[in-house]
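Examining the three-dimensional arrangement
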Amino acid sequence: MTPPRFFIVGATGFTGREVVRLARERGIDTVAHLRPESKSPWAERFEALGAEIDRTPWEAGAMAATLHERPPSHVFALLGTTKARAREESRATGRDASYESVDFGLTTLLHRALGELRPRFVYLSSAGVPDHEPRNAYLRARYRVERALHEGTVPFTIARPSIITGPDRDDARPGERAGARIIDGALGLVGALGGRKLRDRYRSTSNTQLAAALIRIALDPACEGAVVESEDLREA
Ligand SMILES: NC(=O)c1ccc[n+]([C@@H]2O[C@H](COP(=O)([O-])OP(=O)(O)OC[C@H]3O[C@@H](n4cnc5c(N)ncnc54)[C@H](OP(=O)(O)O)[C@@H]3O)[C@@H](O)[C@H]2O)c1
């Protein structure tokens, strides 16, 4: 069996950086994709871990050329914006940086760029994606990516984590951390009253736990074509 080669998009993110670190810790050949203009300090840190840095622009032809030059065995699509970032980025660049154009648009650009390549495409979606098109823009982008994966021919695994939280995000997101504490507290009660399934689906996870789970499900042949819910994404 040929050894795995990971191509990680959204590598500078809270989840992505841990996937890069843990993959390198396991000795996996790892490419961390960064936006060409990114001045992120993670580039140097990834290089120190022995990861390759790739700065292919978000353009279909360029992305296809990069992927075909040294085909990865696994592509991790871990990127996404937030409402506040989308607003700020759209204002600063004059380009649409919405959930639709970033979360849906760039993820499906990456997927299409694979052409006839058949790596495992590991997509970081979200808990709560329904089975019909939702009105909420965040969930709609994820619903539409998931549908594109199901309709495509590239083998995939979809991960649907609940809140990803931890103390060391680049942006503070106090609302997210407070929300996670409140929700986890309430779910603790729900669990104690017998609602274990609900508790396990929606309680928060750390980026490290999630990254370890993403690597496990990526390498597990049984997870090909699977949608893995939050309760199965909390690695010890
Ligand atoms: N946070 C949660 O609680 C949660 C829960 C469930 C699912 N998710 C989903 O999981 C994914 C990862 O979450 P996370 O918290 O790890 O993400 P994060 O820390 O916010 O990182 C986002 C990543 O996306 C990249 N990105 C953002 N806007 C971009 C753009 N316009 N063009 C290119 N790249 C862009 C960022 O690159 P730069 O560093 O260059 O900006 C970064 O690598 C997201 O899709 C998120 O919605 C999140």
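Parameters at a glance
Residues numbered from 1 in each chain as written. Predicted model: local features only at pLDDT ≥ 70, side-chain atom pairs only at ≥ 80, totals over all residues. Heavy atoms only, no water. Helix = DSSP H or I, 4+ residues; strand = E, 2+ residues; numbered from the N terminus. Rg over C-alpha atoms; globule rule 2.2 N^0.38 Å. Buried < 20%, exposed > 50% of the residue type's maximum accessible area, 1.4 Å probe, protein only. Areas by Shrake-Rupley, 256 points an atom, 1.4 Å probe, with all protein chains shown as cover. Lys, Arg positive; Asp, Glu negative; His and termini not counted. Charge placed at Lys NZ, Arg CZ, Asp CG, Glu CD. Phe/Tyr/Trp six-rings, centres within 6.5 Å; stacked < 30°, edge-to-face > 60°. Lys NZ or Arg CZ within 6 Å of the ring centre and 35° of its normal. Pairing = 2+ DSSP bridges. Axes fitted to C-alpha atoms, helices over the stretch in contact; angles between N-to-C directions. Contact = heavy atoms within 4.5 Å. Near = heavy atom within 4 Å. Polar contact = N/O pair within 3.5 Å; in protein donor to acceptor, adjacent residues only side chain to side chain. Nonpolar A, V, L, I, M, F, W, Y, C, P; charged D, E, K, R; others polar. Right-handed = clockwise from strand over helix to strand, strands pointing away.

**A closer look at the overall build of the chain**
Regarding its fold elements, the chain presents nine helices and nine strands. In terms of overall dimensions, the chain is globule-like: its C-alpha atoms have a radius of gyration of 17 Å, near the 18 Å expected for 236 residues. Viewed in the frame of its principal axes, the chain has a C-alpha envelope of about 55 × 45 × 40 Å. For the chain, the residues scored as buried account for 46% of the 236 residues in total. Summing over all exposed atoms, the chain offers an accessible surface of approximately 11800 Å²; the carbon and sulfur share of this is 53%. Separation of charge centres in the chain, based on 35 positive and 32 negative side chains, amounts to 4 Å.

**Points about the packing of aromatic side chains**
Going through the model one piece at a time under the given rule, you end up with three aromatic pairs. Measuring from centroid to centroid gives 5.4 Å for tyrosine 99 and tyrosine 138, while their planes differ by 75°, and the two rings are edge-to-face. Note that tyrosine 99 is positioned in the loop between helix H4 (83–93) and helix H5 (100–113) and tyrosine 138 in helix H6 (residues 137–151), a separation of 39 residues in sequence. Assessed through its relative accessible area of 16%, tyrosine 99 is described here as buried. Taking the relative accessible area as the measure of exposure, tyrosine 138 reaches 29% and is therefore partly exposed. Taking the ring centre of tryptophan 42 as reference, the NZ or CZ of arginine 45 above it sits at 4.4 Å. Between arginine 142 and the ring centre of tyrosine 138, over which it is positioned, the NZ or CZ distance is 3.8 Å.

**Notes on the sheet that holds strand E9 (residues 227–229)**
With parallel pairing, seven strands are arranged side by side in an open sheet as E3-E2-E1-E4-E5-E6-E9. Each of the sheet's edge strands pairs with one partner strand only, and the pair in question is strand E3 (52–54) and E9. On average, each strand axis in the sheet is tilted by 20° relative to the strand beside it, whichever way the strands run. With four bridges connecting them, strand E4 (residues 74–77) and strand E5 (residues 120–124) associate as parallel partners. Among the inter-strand pairings, alanine 77 is bridged to a residue of E5, identified as tyrosine 123. Docked against the sheet, H5 engages strand E1 (5–9), E4 and E5, running at close to 175° with respect to E5. This element, H6, spans E5, strand E6 (156–160) and E9 of the sheet and lies at about 160° to E6.

**A word on the site of the ligand**
Around the ligand, 26 residues are found, and the nearest of them are Thr12, Thr15, Arg85, Arg142 and Arg169. Residue leucine 79 places a main-chain N or O atom 3.0 Å away from an oxygen atom belonging to the ligand. Residues of the shell around the ligand, tallied by class, amount to 11 nonpolar, eight polar and seven charged.

**Section: the pairing of strand E2 (residues 29–33)**
Most of E2 sits inside the fold, with four of its five residues counted as buried. Where the polypeptide runs from E1 across helix H1 (residues 16–25) and back to E2, its parallel neighbour, the crossover connection is right-handed.

**Notes on the pairing of E6**
Most of E6 is tucked away: five of the five residues are buried. The side-chain alternation of E6 yields two buried faces, one formed by Phe156, Ile158 and Arg160 and the other by Thr157 and Ala159. Relative to E6, E5 runs parallel, the two sharing four bridges. Paired with valine 122 across the strands is threonine 157, a residue of E6. Assessed by its sense of winding, the connection that carries the chain from E5 through H6 to E6 is right-handed.

**Things to note about H1**
Burial within H1 is extensive, with seven of its 10 residues counted as buried. For H1, the complete set of buried residues consists of Gly16, Arg17, Glu18, Val19, Val20, Leu22 and Ala23. The elements touched by buried residues of H1 are E1, E2, helix H2 (42–48), E4 and helix H9 (207–219). The first or second residue beyond H1 is glycine 27, which carries a positive phi of 75°.

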